[in-house]
Amino acid sequence: MAPLRYVYVLCLAVISMGQAAPAPPPGQPPPGAPTRRIVRISAERFVFFPSRITILAGEEVEFRIKSDDTSHGFRVVGGDVNIAIPKRGKGEATVVVRLQDTGRYRFECSRMCGAGHNFMRGELIVREADGRSTP
Ligand SMILES: [Cu+2]
C-alpha cells in the first residue's frame, strides 16, 4: 500500500452543533466558494456508514463525521488523519483532505469504543479524476 500523501489537512476535530448549511445541487459548489465535496459519515455500533467511500485524486473533500452512540475516532491508516468523533449529541468532527495518489486505503476507529472496536473500519478509494463525468 502506497503511503498517503496529503497536500494538507485542515480543521481537525471541529465541534459544531446543528446542521450544516443547505447543500448546493450535486456537482455545483455554492457561488464564490472553493470546490469542496462534503462527505457525511456516521459512526454507530462499530460500523461507519458509508463504509466504502470513493473520492477523486486531487479533489478537496471535507469529511463530516458524527456518532450515533459513544465517542469514536477516525483514522486513515498510513496517513496523518486521526481525529476524535464526539459522542451522540455533542456535534461532529470535520476534517478536510486532498489525496493525490490513487489507491485503496483503510480507515478505522482510533478510539477504544467497545467490544467491536477492532472491526470498526472502512475503505477509502481514491480514483483517477479523469473518469469524472460532467453533467
Ligand atoms: Cu472504536
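Residues numbered from 1 in each chain as written. Predicted model: local features only at pLDDT ≥ 70, side-chain atom pairs only at ≥ 80, totals over all residues.

J.: Would you explain the confidence of the model for the protein in this entry?
T.: Mean pLDDT over the protein works out to 83, with 71% of the residues at or above the 70 mark. Low pLDDT (under 50) marks residues 10–20, which in the prediction has 18 contacts with non-local residues, meaning those over four places away or in another chain. (pLDDT = per-residue confidence, 0-100. Contact = placed C-beta atoms within 7 Å.)

J.: Would you explain the nonpolar core in this entry?
T.: Side chains of nonpolar character tend, in soluble globular proteins, to be buried together. Core analysis: the biggest nonpolar cluster contains 21 residues, and Ile 65, Phe 74, Val 81, Ile 83, Ile 85, Ala 93 and Val 95 have the highest contact counts within it. If you list the elements that add at least two residues to this core, you get strand S2 (37–44), strand S5 (60–67), strand S6 (72–76), strand S7 (82–85), strand S8 (93–99), strand S9 (103–108) and strand S10 (121–127). Element by element, the count of residues in this core is highest for S8, at 4 residues. (Core = buried A, V, L, I, M, F, W, Y, C linked by C-beta atoms within 7 Å. Buried ≥ 20, exposed ≤ 12 C-beta atoms within 10 Å, placed from the backbone. Helix = DSSP H or I, 4+ residues; strand = E, 2+ residues; numbered from the N terminus.)

J.: Can you help me understand the sheet that holds S10 in this one?
T.: Strands in a sheet are paired, the pairing made by backbone hydrogen bonds, and the direction either parallel or antiparallel. With mixed pairing, the 5 strands of this open sheet are ordered in space as S4-S10-S9-S6-S7. The two strands at the open ends of the sheet, each matched to only one other strand, are strand S4 (52–56) and S7. Neighbour-to-neighbour, the strand axes of the sheet open up by a mean angle of 25°, direction not taken into account. Where S6 and S7 come together, 4 bridges link them in antiparallel fashion. Note that in S7 the partner of His 72 across the bridge is Ile 85. (Pairing = 2+ DSSP bridges. Axes fitted to C-alpha atoms, helices over the stretch in contact; angles between N-to-C directions.)

J.: What am I meant to see in unusual backbone geometry here?
T.: At the junction of Phe 49 and Pro 50, the peptide bond is cis and its omega measures out at -5° in the coordinates. Considering the arrangement of structural elements, one finds Pro 50 in the loop between strand S3 (47–49) and S4. With phi around 70°, Phe 46 is a residue other than glycine that occupies positive phi space. Checked against the element boundaries, Phe 46 lands in the loop between S2 and S3. Overall, the presence of 17 C-beta atoms within 10 Å leaves Phe 46 in the partly exposed class.

J.: What am I meant to see in the environment of Asp 69 here?
T.: Within the secondary structure layout, Asp 69 lies in the loop between S5 and S6. Judged by C-beta crowding, with 14 C-beta atoms within 10 Å, Asp 69 ranks as partly exposed. Residues Asp 69 and Gly 89, 20 residues apart in the sequence, show an inter-C-alpha distance of 8.7 Å. Each residue touching Asp 69, except ones within four places of it in the same chain, is listed here: Glu 44, Arg 45, Lys 87 and Arg 88.

J.: Whenever I open this one, the environment of Val 97 confuses me. Can you help?
T.: Relative to the helices and strands, Val 97 resides in strand S8. Sequence-wise, Val 97 and Gly 58 are 39 residues apart; in three dimensions their C-alpha atoms are separated by 9.2 Å.

J.: So what exactly am I meant to see when it comes to the environment of Gln 100 here?
T.: Checked against the element boundaries, Gln 100 lands in the loop between S8 and S9. What makes Gln 100 exposed here is the crowd of 12 C-beta atoms within 10 Å. On a C-alpha basis, the gap between Gln 100 and Arg 127 in space is 9.4 Å, while along the polypeptide they are 27 residues apart.

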